[in-house]
Amino acid sequence: RLDPSQFMPVAAERGFASRIDRWVSLTAMKQLASMPGKPRVLINISGYSLQDKEFAGWLVKAVRATKLEPRNVIFQFNESDANSFMKQVAQFAVALNEAGCRISISRFVGAPNPLKLFDHVAAQLVKFDSSYTQELANKEQRDKFTQLIHHAQEKGKEVMVGFVESAAQMQQLWTLGGINYLQGYYLAQPENLPLIPAGDAVSSE
């Protein structure tokens, strides 16, 4: 099993990165559409796809084609890509927000002037980097984490924290306040769902 960081740079060099993101996005949305109730899906998008000017419009068409409730579909970029391609991410966020979908910034570590990003990118959710979960015992890091959470909350953002692997971590995180969602192996193991072929259901035109 390869991590995306191993194959996406190679795919990008050969012009395939956007195709992979399209396949992943459509497959995830079809999977969601096949589930009972109204679950939500968070889809990671690589920074490479920001070079594809048609990508945001294609995603909007895909959401409509799968007949999902748009607010249940969350598209996520990591903080590094969001800062590197701020103009493109801002435009992407506007297009998807107008369609009713939501935007998340992941691997959020709080770069210098960290919350300035949200003045440019209309994201509704922020997912903090795993380092914060792993360094809860470090008071200085925990204090920084708490401050960032509260600042994000003041900006009206929902907060997600991942890599929760023990009851002790979960208890510590809840005591920080301002966290909306927890994710990690302690709460639930990843599930292997049957793969639904994405096919060619959405035109790129």
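Residues numbered from 1 in each chain as written. Predicted model: local features only at pLDDT ≥ 70, side-chain atom pairs only at ≥ 80, totals over all residues. Heavy atoms only, no water.

Colleague: For the pattern of salt bridges, give the residues involved together with the corresponding values.
Modeller: A full pass over the atoms with the stated rule returns six salt bridges. With a closest N to O distance of 3.8 Å, Lys-116 and Asp-119 form a salt bridge. Classification of Lys-116 as partly exposed rests on a relative accessible area of 43%. Within this structure, Lys-116, Asp-119 and Lys-155 form a network of salt bridges that share partners. (Salt bridge = Lys/Arg side-chain N within 4 Å of Asp/Glu carboxyl O. Buried < 20%, exposed > 50% of the residue type's maximum accessible area, 1.4 Å probe, protein only.)

Colleague: Can you lay out the sheet that holds strand E3 (residues 102-108) for me, pointing to particular residues and giving the numbers?
Modeller: Two strands in a sheet stick together by hydrogen bonds in their backbones, pointing the same way (parallel) or opposite ways (antiparallel). On the basis of which strands lie adjacent, the open sheet formed by six strands has the order E1-E2-E3-E4-E5-E6 and parallel pairing. On the outer flanks of this sheet lie strand E1 (41-44) and strand E6 (181-182), each paired with one strand and no other. Bridge count between strand E5 (residues 158-161) and E6: two bridges; the pairing is parallel. Bridge pairing in E6 links Val-161 to Leu-182. The sheet strands contacting helix H7 (residues 139-154) are strand E4 (125-128) and E5, and the helix crosses E4 at an angle near 170°. (Pairing = 2+ DSSP bridges. Helix = DSSP H or I, 4+ residues; strand = E, 2+ residues; numbered from the N terminus. Contact = heavy atoms within 4.5 Å. Axes fitted to C-alpha atoms, helices over the stretch in contact; angles between N-to-C directions.)

Colleague: Report on the pairing of E1, specifying residues and quantitative values.
Modeller: Every second residue of E1 is oriented toward a common face, the buried set being Val-41 and Ile-43 and the non-buried set Leu-42 and Asn-44. Relative to strand E2 (residues 73-78), E1 is paired through four bridges, and the arrangement is parallel. Its bridge partner lying in E2, Leu-42 is registered against Ile-74.

Colleague: Go over the environment of Ser-46, please, and point to the residues and values.
Modeller: Within the secondary structure, Ser-46 is located in the loop between E1 and helix H3 (55-65). Distance in space between the C-alpha atoms of Ser-46 and Asn-78 is 8.0 Å, their sequence separation being 32 residues.

Colleague: Describe the nonpolar core, with residues and values.
Modeller: The biggest cluster of nonpolar side chains holds 47 residues, and the ones touching the most others in it are Phe-75 and Phe-92. With seven residues, H3 is the largest single contributor of residues to this core. Discounting chain neighbours no more than four positions away, the residues touching Phe-92 are Leu-50, Phe-55, Ala-56, Leu-59, Phe-75, Phe-77 and Ile-103. (Core = buried A, V, L, I, M, F, W, Y, C linked by side-chain atoms within 4.5 Å.)

Colleague: Pulling in residues and values, what's your account of the packing of helix H2 (residues 17-33) against H3?
Modeller: As a packed pair, H2 and H3 sit with axes 10 Å apart at the nearest point and diverge in direction by 20°. Between H2 and H3, the interaxial angle falls into the category roughly parallel. As H2 packs across H3, the resulting crossing turns out to be right-handed. For the pair formed by H2 and H3, the contact residues are Ser-18, Asp-21, Arg-22, Ser-25, Leu-26 and Met-29 on the first element and Phe-55, Trp-58, Leu-59, Ala-62 and Val-63 on the second. (Parallel < 35°, antiparallel > 145°, perpendicular 65-115°, else oblique. Left-handed = near helix turned anticlockwise from the far one by under 90°.)

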